[in-house]
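Chains, contacts and geometry: an overview
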Amino acid sequence: MSQIKASSEVVRQLASDLKATINNLRDISSQVKSAGNVGDWNDAQGVQFKEVVNRISTLTQSPIQTLEAAIPRLNKIAETLDRYSSVKF
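Remember, predicted model here, so these are calculated numbers, not experimental data.

**Observations concerning the pattern of salt bridges**
Applying the stated rule across the entire model yields two salt bridges. The residue Asp82 makes a salt bridge to Arg12 at a minimum N-O spacing of 2.7 Å. Of the two residues, Asp82 sits in helix H3 (residues 64-86) while Arg12 sits in helix H1 (residues 8-35), which places them 70 residues apart along the sequence. By relative accessible area, which is 29% here, Asp82 ends up partly exposed. On the accessibility criterion, Arg12 (36% relative accessible area) is partly exposed.

**Focus: the environment of Val52**
With respect to the helices, strands and loops of the structure, Val52 is situated in helix H2 (residues 44-61). For Val52, a relative accessible area of 46% corresponds to the partly exposed category. Val52 sits 38 residues away from Leu14 along the chain, and the two C-alpha atoms are 33 Å apart.

**A closer look at the confidence of the model for the chain**
In low-pLDDT regions, the fine details of the predicted coordinates are not to be read closely. When the pLDDT values of the chain are averaged, the result is 88; 92% of them are 70 or greater. Ranking the helices and strands of the chain by mean pLDDT puts H1 first, with 94, and H2 last, with 90.

So, how was this worked out
For every chain, the first residue of its written sequence is number 1, and the numbers climb from 1 along that sequence. In view of the model being predicted, local features appear only for residues whose pLDDT reaches at least 70, and side-chain atom pairs are presented and counted only at 80 or more, with totals across whole chains, interfaces and linings using the full set of residues. Based on all heavy atoms of the structure, the side-chain values leave hydrogens and waters out of the count. Each salt bridge in this description consists of a side-chain nitrogen of Lys or Arg and a carboxyl oxygen of Asp or Glu lying within 4 Å of one another. Where helices and strands are cited, they refer to DSSP runs of H or I of at least four residues and of E of at least two residues respectively, numbered from the N terminus. Only protein chains enter the area calculation, which uses a 1.4 Å probe; residues under 20% of their type maximum are buried, those over 50% are exposed, and those in between are partly exposed. pLDDT is defined as a per-residue confidence score from the predictor, taking values between 0 and 100.

Here is the structure:
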């Protein structure tokens with residue numbers, strides 16, 4: 001029988017790391033979107049470039065919702081581990 005050893009502090013650190021990752025993804029998306037604002041490039045290639053940059057920006061944002069959903073779950077796991085570790089057998 002294998003035993004899982006986990007620490008609520010480790011789980012909380014993971015939640016904190018996810019929050020930092022979310023902020024980084026938002027920053028990256030914003031920077032990419034800014035790179036697409038190239039002034040008056042109105043020719044076909046300029047329009048195509050802007051479309052590609054917008055798509056990249058959207059793709060960098062796509063995991064944010066999944067990561068945000070994981071944070072409350074991790075917090076619940078940490079609370080469960082706290083309660084479990086406080087039980088005396």
